[in-house]
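# A structural walkthrough
Below are the chains, spelled out letter by letter.
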Amino acid sequence: VREAVVSTQSTGDILFRHVVRNVEYNENTGVFSVSVCNLVTEDTFVEEFDRLIVASGHFSVPNVPEFEGIETFTGRVLHSHDFRNSREFVGQRVVLVGSSYSAEDISLQLYKFGAEKLTISYRTNKMGFPWPDKIKEVELLTRIEGNTCYFKDGTSGEYDAIILCTGYKHSLPFMPKELRLLNDNQFNITNVYRNIQWYGMTEGKKDAGGRLFYLAMQDQEYSFTMFTLQAKWAVSVIKGLLIVPDRELCVKEANRMYKDNENIDDPIKEVDAQTAYVKQIAGDLNYTANTDCSQLFREWLSYKYADILTYRDHSHVSLHTGSVSPLHPTPWLHCFDDSLQGYVNACDNRGEEVCEVSPKMN
């Protein structure tokens, strides 16, 4: 980011090592007063702005649910946010609470590095992959007694560790409550038009006259493609290059999109819904480059449901360049160096044995 800023010679307008502590909005003047702290000097100051964009993300504050008796558990309890090394769990029996990417990925990493037993506990739906013998999915964890975990389907077992793969909370403590986005991790979020422009429609919320924008706050398939288009959309509205409908129509459309979450209930529907959303934002902007990566997502999902242990061994073609990503010479299941440098070295030296192929037991 710093290099990009320097390249545009705009360093005087952008502050690094500063954090926003508080935001106040004056409904009469339409001005945001932003309290900022210099993290180096600890000096604070207030500046005023006509528009405000909140782009701080929502994958930083773990969502930690309570389970009866968890304080009696004799092993380690951690959130996936704090997971660092699979070798810690070699030979252990582990419960993973959750049914999304973190539970999927961590369970496979633990399987690869030699965990004894892995139980994925889901609240609503199974992931349904063809798991190897050591991994199984059960209904939600209900209570814990010592090192024994009990599940909603009546099963139980003894475990050495519990990993909470339970997602993150929207945490925006610097925003006033009436303008603060509080939302589950959904594909369409409430109180905002196009999942970007705040209109404060629900109880306890207030409008900000279209002056407040939230970026990258919903569940994600497209990530940076979507973030870039959302940023361009917000900037275009602020500069007057894109004219949005009146408030009544914006609120109606935002409510319609939020209700659409009810129909987004499987991975393919998630891909298709966000593909349509990204196209919608691109259409607003008259952005003509192809953004439709749905076929790549479908291909990736087909590999996962065919064999969850080998889907990483496949390569894909870039939508934008047409280039094929390089294949790692060692099957994922047998390569124990997950570092970026290890991947680059292995791809640069295909045909040579450059990957650690057995776990180091610490």
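Look above for the structure.
In this report, the structure presented in the accompanying data block is examined.

Reading guide: rules and limits
Residues numbered from 1 in each chain as written. Predicted model: local features only at pLDDT ≥ 70, side-chain atom pairs only at ≥ 80, totals over all residues. Heavy atoms only, no water. Salt bridge = Lys/Arg side-chain N within 4 Å of Asp/Glu carboxyl O. Helix = DSSP H or I, 4+ residues; strand = E, 2+ residues; numbered from the N terminus. Buried < 20%, exposed > 50% of the residue type's maximum accessible area, 1.4 Å probe, protein only. Contact = heavy atoms within 4.5 Å. Core = buried A, V, L, I, M, F, W, Y, C linked by side-chain atoms within 4.5 Å. Expected span 1.5 Å × (residues − 1). Arc of directions from axis to C-beta.

### Here we look at the pattern of salt bridges
- Here the structure, examined in full by the defined rule, presents 16 salt bridges.
- The network of salt bridges with shared partners includes Arg-194, Glu-253, Arg-256, Asp-260 and Asp-284.

### Considering the environment of Pro-65
- Topologically, Pro-65 is positioned in the loop between β5 (61-62) and β6 (76-79).
- With a relative accessible area of 26%, Pro-65 lands in the partly exposed category.
- Linking Pro-65 and Val-97, residues 32 residues apart in sequence, is a C-alpha distance of 9.8 Å.
- If near-sequence neighbours (up to four positions away) are discounted, Pro-65 is found in contact with Leu-164 and Thr-166.

### Looking at the nonpolar core
- In this structure, Ile-196, Trp-233, Tyr-277 and Ile-281 are the most contacted members of the largest nonpolar core, which totals 24 residues.
- Contributing elements (two or more residues each) for this core: α3 (224-238), α4 (247-259), α5 (267-284) and α6 (294-306).
- When neighbours within four sequence positions are excluded, Ile-281 is seen to be in contact with Arg-194, Ile-196, Leu-229, Gln-230 and Trp-233.
- In this structure, Val-94, Leu-108, Ala-161 and Leu-309 belong to the second largest nonpolar core, which totals 23 residues.

### Quick word on α6
- Here α6 contains 13 residues, and its C-alpha end-to-end distance of 18 Å stays within 8% of the 18 Å for a straight helix at 1.5 Å per residue.
- Within the span of α6, buried status applies to Ser-294, Phe-297, Leu-301 and Lys-304. One side of α6 carries all its buried residues, which in axial view fall inside an arc of 85°. Residues Gln-295 and Ala-306 are exposed on α6 and point more than 90 degrees away from its buried face.

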